[in-house]
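Chain by chain, the residues run as shown.
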Amino acid sequence: MSVQEILADENELTHLLGAQQAVVLSTRVRLARNLEGFPFPGWAKPAHRKEIAERCIEALTQLPRFRKSHVFKMGDLPDLDRAVLVERHLVSKELASGKSGAAVISRDQTCSVMVNEEDHLRIQVVKAGWHLRGTWNIAEQLDDAIGATLGIAFSDQLGFLTACPTNVGTGLRASAMVHLPGLCLAGHIEKVTRALSQDGLAVRGWLGEGTEAAGNIFQISNQQTLGLSEDAILRHLGGWVKTLVDQEWNARRKVAQEEGERFVDRLSRSLGLLRHARLLTSAESMNMLSHLRLACDMGCLPEERRHVVDRLMIEGQPAHVQARQGAELDSDGRDRRRATAVREALRDFPEVGSPTA
Amino acid sequence: MANPLKCSVCDAVATVHLTQIVQGKVTKVDFCEACAAKGGAGDAAVFKLADAVNAVTPAPAITCPQCGFTDVEFRRRGRLGCPSCWQVFGVALGGLLTKVQHEIQHVGRAPAGTVPVGQLRHRLLAAQVELTAAIAAEDYETAAKLRDEVARITTQLDTL
């Protein structure tokens, strides 16, 4: 089983035309679950962790959803392959940095289960665009199927028992990856972030906890997991994402109207730079690609080009660039390879026009 | 260059420096490596400091019989040892849960094949509130339905 297959297989986040939407890049649902009678991974002895991994992988690979799935044991993977999985959000940095973790990833990369992360099982479902209910329904089905084969630690009082008190109860973390260039350009992003935090939502960067918001992309998720039903958690997040999308569109239209020609110039310059640069850093390409995504959303570029931009954002990350090359590259080497890939992908892009949306 | 600090026990050059602050009173002690390793026997200040060091890492008060995890370990890691720890540390965690979660009662799903007690309790409370409102509004049709629902959930919870 190789990470190259993950890169080569087309999936809805990088390839499926029509799956992408303006503003919301993806919807994600995560459930933390643990086996009864076993210590949590952080406290378990290596022999226990091994047994947990074997039991979980055995049970997971029997499920129809995980037919022909990818099974990766972190201890067997080279550093670069683990980094690719982290960049794809298929595993966490924490799982990748240990030796006893594993990941079972469905063929279409929509569902993945991390084994022996902070909890025995972290069930994750991700869909391109904004599909909170659809994503949740798949997670719920998976949870039931897993619960029917493995004894899950649960108490009537506290719900699903987890290693960390911040996850106990539902064990549910629902999130939206949102692209907010309008609010960033208008200088409202701090105000919005503050409002979200005050109402119990966490705002993080593109790669999760402690990362910067490269490319104006933010991850919004619930914090409370106990004392609220799953439905209430989803409704709360859903309400805010809807508000955020409306505010982002208002900000975009306002900026476009106020800046007029300068707005189109800004987007056009980004396309020009991406098309001609010979060396592109990760941060630079993310910020320029953010402009192209904005251009696709606003009708300055054809909407059907949006998935190319999304794919370049994912594949332009450092480990992806090196994995594509099949070798580790130094900083200049990565920047050169990234620039080449971007140049080729954007070669037949039309000129940036005036906004229509 | 200033004179090097001397060991509080044997006057050799001190390379280990400890500071103790008790109720605003600062005590500083310096050791050479040899005396630090021995624990600096014979000096009153050293004994006091040893007490202070012990106070920082107190003996565990609670230990999980299932996995051997302790409250000291929890303070260090912020994570529990096993599912049973939740029962063992439950009371001690109450305050923390209220702080991080604002709630202490699960009202969501249960594992496949089990009765979702949390959901039932949650619905029972909501139905009781709705029932009172329906009676106040003289909507007896709705009230009758809610009264049946309350009775049904109560029976269901009682038979668990």
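Residues numbered from 1 in each chain as written. Chains lettered and ligands numbered in written order. Predicted model: local features only at pLDDT ≥ 70, side-chain atom pairs only at ≥ 80, totals over all residues.

(A) Looking closely at the packing of helix α12 (residues 318-325) of chain A against helix α13 (residues 331-346) of chain A. All names here are of chain A. Packing of α12 against α13 leaves a shortest axis separation of 10 Å and a crossing angle of 80°. Taken together, the axis directions place α12 and α13 in an arrangement best described as roughly perpendicular. Between α12, through Pro318, Val321, Gln322 and Gln325, and α13, the contact on the second element is made entirely by Arg334, Arg337 and Arg338. (Axes fitted to C-alpha atoms, helices over the stretch in contact; angles between N-to-C directions. Helix = DSSP H or I, 4+ residues; strand = E, 2+ residues; numbered from the N terminus. Parallel < 35°, antiparallel > 145°, perpendicular 65-115°, else oblique. Contact = placed C-beta atoms within 7 Å.)

(B) View of the sheet that holds strand β3 (residues 102-105) of chain A. Residue and element names in this part refer to chain A. One open sheet holds the eight strands; their spatial order is β2-β3-β4-β5-β1-β8-β10-β9, and the pairing between them is antiparallel. Strands with a single pairing partner mark the edges of an open sheet, and in this sheet they are β2 (70-73) and β9 (201-204). Adjacent strand axes in the sheet meet at a mean angle of 20°, parallel and antiparallel pairs treated alike. Sitting on the sheet, helix α7 (residues 189-198) is in contact with β9 and β10 (217-222), with an inclination near 145° to β9. (Pairing = 2+ DSSP bridges.)

(C) Representation of the nonpolar core. Leu85(A), Ala103(A), Val178(A), Ala295(A), Leu80(B), Cys82(B) and Cys85(B) are the most contacted members of the largest nonpolar core, which has 118 residues in total. Excluding its chain neighbours within four sequence positions, the residues that come into contact with Ala103(A) are Phe72(A), Leu85(A), Leu90(A), Val91(A), Leu95(A), Ser112(A), Val113(A), Met114(A) and Val115(A). (Core = buried A, V, L, I, M, F, W, Y, C linked by C-beta atoms within 7 Å. Buried ≥ 20, exposed ≤ 12 C-beta atoms within 10 Å, placed from the backbone.)

(D) Structural view of the pairing of strand β5 (residues 121-128) of chain A. Buried residues dominate β5(A), accounting for seven of its eight residues. The turn linking strand β4 (residues 111-115) of chain A back onto β5(A) is made up of five residues, and Asn116(A) within it adopts a positive phi angle of 60°.

(E) Helix α3 (residues 79-87) of chain A, seen in detail. All names here are of chain A. For α3, the buried fraction is high: seven of the nine residues fall into the buried class. For α3, the full list of buried residues reads Asp81, Arg82, Ala83, Val84, Leu85, Val86 and Glu87. Among the structural elements, α1 (3-8), β2, α4 (93-97), β3 and α12 are those in contact with the buried residues of α3.

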